[in-house]
Amino acid sequence: MQTVLDIMSWILLTAGGGFVLVGGIGALRMPNLYTRMHAASVTDTMGAVLVLSGIMLQAGLSLATIKIAAILLFLLFTSPTSSYALASAAMLAGIKPDAGRAADCEDAS
Amino acid sequence: MYYVVTIATLITMALALVRALLGPTVYDRVLSVNMFGTKTVLLIAVIAFLAGRPDFLDLALAYALINFIGVLAVLEFFKSRAARRAAERAGDDA
Amino acid sequence: MTVVFGIFLLTLLVITAVAVVRTRNLFVAVMLLGIFSLLIAANFLLLDAADVALTEAAVGAGISTVLFLGALALTSETEHAATPHRWLSLIVVVSATLVVLYATFDKPTFGDPEAPIQQHVAPWYLEKTPEYIDVPNVVTAVLASFRGYDTLGEVFVVFTAGIGVLFLFSAPHGHAARRRPGARDGSSIGLRDDLIPRVVGRLLVPFILLFGLYVQFHGDYGPGGGFQAGALVAAAFILYALVEGEDRTLQALPFNALLALMVSGALLYGLVGVASIFLGGNFLDYSVLSEDPVAGQHLGILLIEAGVGLTVTGVLLSIFHAFAARDRF
């Protein structure tokens, strides 16, 4: 039973790590702000769910599992809100969702 | 078992840092700081289990909270600055 | 392996620090300082220092960013032109760095079990804590009881910082508006028009407050304590102010209540010390607070951590309101 849990944890953690890495590479290589947001959100959702589920399997039935579930729930609530707030602020500032061109906006820094 | 995911998270943190240094607009930097924060949450959770100290999970929860509040504060700053600039422009035109 | 992770994080730290210094746009510097704080906290975690990492997270990455942004909103966003040819400064900095580097050659190596601190100081605290104080978290025992004077000084420093900022912001000045022009031109602080952050923020504020209380009282058993709890409770109110507007927050927790919090926290700490004198012990000797010395220590730690939490909350929130209420500095 323990080895089954270990193997499942291993699979979940490695897959989660893979998603996190993919999201990171995407955030670096994507051409526009909004596409980068897509990439970053991959890490926040799939990456976080897989990694934290893998850790939950390792923790068994204990207080730590409840804490990890609370962290996951919190991340799932706040990451979309942050992305929405960021996207709406960028839209209001005038950044166009225009892939392939250099960002033209009045807030370039 | 945890080393793979720790290394992946650390590399992603480095990539987010590069985006924060490069990003042409400020919103790219805000995005990378947000991503950095959530990666730190994952890193803390994994390191907590790596070191065998599950009571470090309070830190991860606190980080998630702080990251959220920080990003909202930044965006509020932008909105108030844009509103103030619009008000100044309206005041100049008047 | 932990050393490799630590070196990697420290390298990122150096890169971030160089970028903070080199950039001319202060807003970018604030963002990078947020990343800096998160990196430092991750380093602290690798070094097994959980209390410090929690404080760094709560204060550095969250509250400091908000306060820096408040300052940027009141002043300007770009740095002034650098003074050229500051050779004297360069020579001073380089020689100080070389002296410090030379001084590190005499220090014991990292993690050396023969180092004096591992031989004399640490074992004493680890042995005496179960005997005198009997809390599982030795850091809290050292901070609150064995080194209570230092923590008293820290609380007073935080209090003085709060007073200093409030003095600066209440100084009369020329023609700049004192309060932000609210509904007149439609610009009001707060994301009130944005429904999603508003709903999620309002949903989360009670849970953050509850978590802050948990961290306050759980400091005896795990990472936590007064400083972290104060920062988290202040963060909850700042979140409410961000999504609902500063006026509603002042209705929820008036400014005079914040001043009362500031003062009562520091006062509580001092009164516990004075009460120990009246009950026959030394200043800040909690053993005399009850018949059983260990119970007295527990009571003393509870009271002073509460004092620390109150002061930190009051100071952070009053500084935030001082920044947020102004239109120009």
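Higher on the page you've got the structure.
Described below are features of the structure shown in this document. Being a predicted model, the structure only gives us computed values, none of them experimental. (Residues numbered from 1 in each chain as written. Chains lettered and ligands numbered in written order. Predicted model: local features only at pLDDT ≥ 70, side-chain atom pairs only at ≥ 80, totals over all residues. Heavy atoms only, no water.)

### Considerations on the overall build of chain C
Alright, step 1. Per the secondary structure count, chain C includes 12 helices and zero strands.
Alright, step 2. When the elements of chain C are put in sequence order from the N terminus, they spell out α-α-α-α-α-α-α-α-α-α-α-α.
Alright, step 3. A burial count over chain C gives 46% of its 329 residues as buried.
Alright, step 4. Considering only contacts within chain C whose residues lie at least 6 apart along the sequence, 71% involve residues at least 24 apart. (Helix = DSSP H or I, 4+ residues; strand = E, 2+ residues; numbered from the N terminus. Buried < 20%, exposed > 50% of the residue type's maximum accessible area, 1.4 Å probe, protein only. Contact = heavy atoms within 4.5 Å.)

### Section: the packing of aromatic side chains
Alright, step 1. Overall, the coordinates contain 12 aromatic pairs over all chains when judged by the stated rule.
Alright, step 2. Measuring from ring centre to ring centre gives 6.3 Å for Tyr102(C) and Phe105(C), while their planes differ by 85°; the resulting arrangement is edge-to-face.
Alright, step 3. On the basis of relative accessible area, Phe105(C) is assigned to the exposed category, the value being 65%.
Alright, step 4. Ring centres of Phe169(C) and Phe323(C) lie 4.8 Å apart, and the angle between their planes is 70°; this geometry places the pair in the edge-to-face category. Pair noted here: Phe169(C) is in helix H7 (residues 148–170) and Phe323(C) is in helix H12 (residues 293–324), with a separation of 154 residues, a long-range link. Phe323(C) carries the same exposure label as Phe169(C), and that label is buried.
Alright, step 5. Connected via pairs of aromatic rings, a cluster forms that spans Tyr27(B), Phe77(B), Phe78(B) and Phe27(C). (Phe/Tyr/Trp six-rings, centres within 6.5 Å; stacked < 30°, edge-to-face > 60°.)

### Side note on the interface of chain B and chain C
Alright, step 1. Each partner contributes to the interface: chain B provides 45 residues, whereas chain C provides 55 residues.
Alright, step 2. Here chain B meets chain C over a buried area of about 4,500 Å², counting both sides, of which 82% is carbon and sulfur.
Alright, step 3. When residues of chain B are sorted by the area they lose upon contact with chain C, Ile66(B), Ile69(B) and Phe77(B) head the list and together hold 14% of the total.
Alright, step 4. Counting across the chain B and chain C interface gives zero salt bridges.
Alright, step 5. Joining chain B to chain C, the criterion identifies one residue pair in polar contact (both at pLDDT 80 or more). (Buried area = accessible area lost by both parts, 1.4 Å probe. Salt bridge = Lys/Arg side-chain N within 4 Å of Asp/Glu carboxyl O. Polar contact = N/O pair within 3.5 Å; in protein donor to acceptor, adjacent residues only side chain to side chain.)

### So, the interface of chain A and chain C
Alright, step 1. Facing nine residues of chain A, the contacting portion of chain C comprises nine residues.
Alright, step 2. Of the roughly 710 Å² buried where chain A meets chain C, counting both sides, 74% is carbon and sulfur surface.
Alright, step 3. Of all residues in chain A, the largest losses of buried area upon contact with chain C belong to Phe77(A), Thr81(A) and Tyr84(A), amounting jointly to 55% of the total for that side.
Alright, step 4. At the junction of chain A and chain C, the tally comes to zero salt bridges.
Alright, step 5. At the boundary of chain A with chain C, the tally comes to one residue pair in polar contact (both at pLDDT 80 or more).
Alright, step 6. Split into classes, the residues belonging to the side of chain A that touches chain C amount to four nonpolar, four polar and one charged. (Nonpolar A, V, L, I, M, F, W, Y, C, P; charged D, E, K, R; others polar.)

Just distances and angles here, no functional claims.
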